[in-house]
Amino acid sequence: MAKTTKQKIIKVVGYLPVILCLGAFCWGYYAYVFIYCRQRLLTLGAPNGLRLFLQIAAHLLIILSIWSYLMVVFIHPGTPSKALATLKGRTSRSSSSDDDANLYVRNSSGRDSESPVIESQQLQTMLHSQNENANSSPSFQITVKQNGDKRYCRKCEYEKPDRCHHCSICGECILKMDHHCPWINNCVGFHNQKFFLLFIFYTAILCTLAAFSLAPGLYHLFAGQMAIDIDDIQLAFLGLLTGLFGIMLIFFVGFHIYLLVNNRTTIENLERTVYKVDQNGSPTTSKYLNVFNIGTYRNFTEVMGRKPYLWFLPVGNTEGNGVLYPLSSYAYNTLSMAE
Ligand SMILES: [Zn+2]
Ligand SMILES: [Zn+2]
């Protein structure tokens, strides 16, 4: 869908908070490293080892925070059009393993399944076989609207894949949409979720470290032993900001880790998902069943990648295509039986 002039203007103006954030990082870096670590701590007689440690830690955390931040700002979360076109082409070329795929889910109960997870490849084959039976075009949905109808975006004019939502600010559908964030002028979705998580994670540690290390220095400075100058006011302001953001971000990170290990997005956490795993069945919903929850470790690696040495680096290695997701066999079978 082509963007309107209004949406283009919103996108350009939306970079002001991004510039503000980057400016805050630069100022914070100057105040903490140059004023506090290199001048004030020296005056206060702090050990050289401590000053060195704080500076190395601050540099590392600032680099990782800004790197993650730039990635989440500039990496598009993904739209369904390209991913759907690729999948539809691939699906129409191969449907050879229908029987294999059905073996995983149609054997009476989840307990007897060969694997606790239905891989996205198997799901693709299963959905294709259902569509063939129904003589309809390829569909990649197992979630539907409350009334059981297919999820369709009238603005973008295509079926919304599972976990995809239309963002009115971005003016397009976003794969695995989590939320739109004005501070990054972007949506958090399938392709940039990992960068968002790493950004809030590193910034939370950075703020907490800065706030704790600034506290004793500020106490000495404001205890009356020295005349207060403009640098001290900057440090006091930095202490206040890092303290507040540190507390806020710790809770925010905790919430997003909870979502990550349970394989939920913020939107899914707020609404009740309706499933229709068989096109001929009726819609089913459950407060407790999350068909995308494939176990803590797999939920984690689905977003952060399978290589542990890349988990904490903001490089793109999220698994999948953003349209089809591996499913829990147990949840799938339970929903199948409920229909
Ligand atoms: Zn849309
Ligand atoms: Zn958006």
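Basis of the calculations
Residues numbered from 1 in each chain as written. Chains lettered and ligands numbered in written order. Predicted model: local features only at pLDDT ≥ 70, side-chain atom pairs only at ≥ 80, totals over all residues. Helix = DSSP H or I, 4+ residues; strand = E, 2+ residues; numbered from the N terminus. Buried ≥ 20, exposed ≤ 12 C-beta atoms within 10 Å, placed from the backbone. Core = buried A, V, L, I, M, F, W, Y, C linked by C-beta atoms within 7 Å. Contact = placed C-beta atoms within 7 Å. pLDDT = per-residue confidence, 0-100. Axes fitted to C-alpha atoms, helices over the stretch in contact; angles between N-to-C directions. Parallel < 35°, antiparallel > 145°, perpendicular 65-115°, else oblique. Nonpolar A, V, L, I, M, F, W, Y, C, P; charged D, E, K, R; others polar. Pairing = 2+ DSSP bridges.

K.L.:
Now, about the overall build of the chain: what can you tell me, with residues and values included?
P.N.:
The helix and strand tally for the chain stands at 11 helices and 11 strands. Taking all 339 residues of the chain together, the buried fraction comes to 34%.

K.L.:
Provide a residue-level description of the nonpolar core, including the pertinent values.
P.N.:
Residues Val72, Phe199, Val291 and Leu327 are the most contacted members of the largest nonpolar core, which totals 59 residues. Looking at this core element by element, the count peaks at 13 residues for helix 7 (residues 193-225). Beyond its immediate chain neighbours, meaning those up to four positions away, Val72 contacts Ile184, Asn186, Asn192, Phe195, Phe196 and Phe199.

K.L.:
Outline the confidence of the model for the chain, listing residues and values.
P.N.:
On average, residues of the chain score 85 in pLDDT, and 86% of them reach the 70 mark or higher. Least confident of the elements in the chain is helix 5 (residues 98-105), whose mean pLDDT is 42; most confident is strand 8 (residues 186-188), at 97. Note that pLDDT drops below 50 for residues 95-113; the model gives that stretch 33 contacts with residues more than four away or on any other chain.

K.L.:
Can you tell me about the environment of Tyr332, naming the residues and giving the values?
P.N.:
Secondary-structure assignment places Tyr332 in helix 11 (residues 329-338). Among the residues examined, Tyr332 registers 23 C-beta atoms within 10 Å and is labelled buried. Residues Tyr332 and Tyr275, 57 residues apart in the sequence, show an inter-C-alpha distance of 9.4 Å.

K.L.:
Provide a residue-level description of the packing of helix 2 (residues 15-43) against helix 3 (residues 48-74), including the pertinent values.
P.N.:
Interhelical geometry of helix 2 versus helix 3 gives an angle of 175 degrees and a closest axis separation of 11 Å. In terms of their interaxial angle, helix 2 and helix 3 are classed as roughly antiparallel. Contact with helix 2, carried on its side by Val18, Cys21, Phe25, Tyr29, Tyr32, Val33, Cys37 and Leu41, involves Arg51, Leu54, Gln55, Ala58, Ile62, Ile66, Tyr69 and Val73 of helix 3 and no other residues of that element. Classifying every residue of the contact of helix 2 with helix 3 gives 14 nonpolar, 1 polar and 1 charged.

K.L.:
Tell me what's going on with the sheet that holds strand 10 (residues 284-285), and back it up with residues and numbers.
P.N.:
Read from one edge of the open sheet, 3 strands run 2-9-10, paired in antiparallel fashion. Strands at the two margins of the open sheet, each flanked by one partner only, are strand 2 (143-144) and strand 10. As judged from the 2 bridges shared by strand 2 and strand 9 (residues 274-275), these two strands associate in the antiparallel manner. The residue bridging Thr143 from the neighbouring strand is Tyr275, located in strand 9.

K.L.:
Mind laying out unusual backbone geometry, listing which residues take part and the relevant values?
P.N.:
Where the residue is not glycine, phi is negative for most of them; where a peptide bond is considered, it is trans in most cases. Of note, Lys176 is a non-glycine position whose phi angle comes to about 45 degrees, a positive value. When you line up the elements, Lys176 lands in the loop between strand 6 (172-174) and strand 7 (179-181). What makes Lys176 buried here is the crowd of 27 C-beta atoms within 10 Å. A positive phi angle, close to 50 degrees, is found at Asn185, a residue other than glycine.

K.L.:
Give a detailed account of the environment of Ala215, specifying residues and quantitative values.
P.N.:
With respect to the secondary-structure elements, Ala215 resides in helix 7. On the basis of neighbour count, Ala215 is assigned to the exposed category, with 12 C-beta atoms found within 10 Å. A sequence separation of 24 residues divides Ala215 from Gly239, and the C-alpha atoms of the two residues are 7.1 Å apart.

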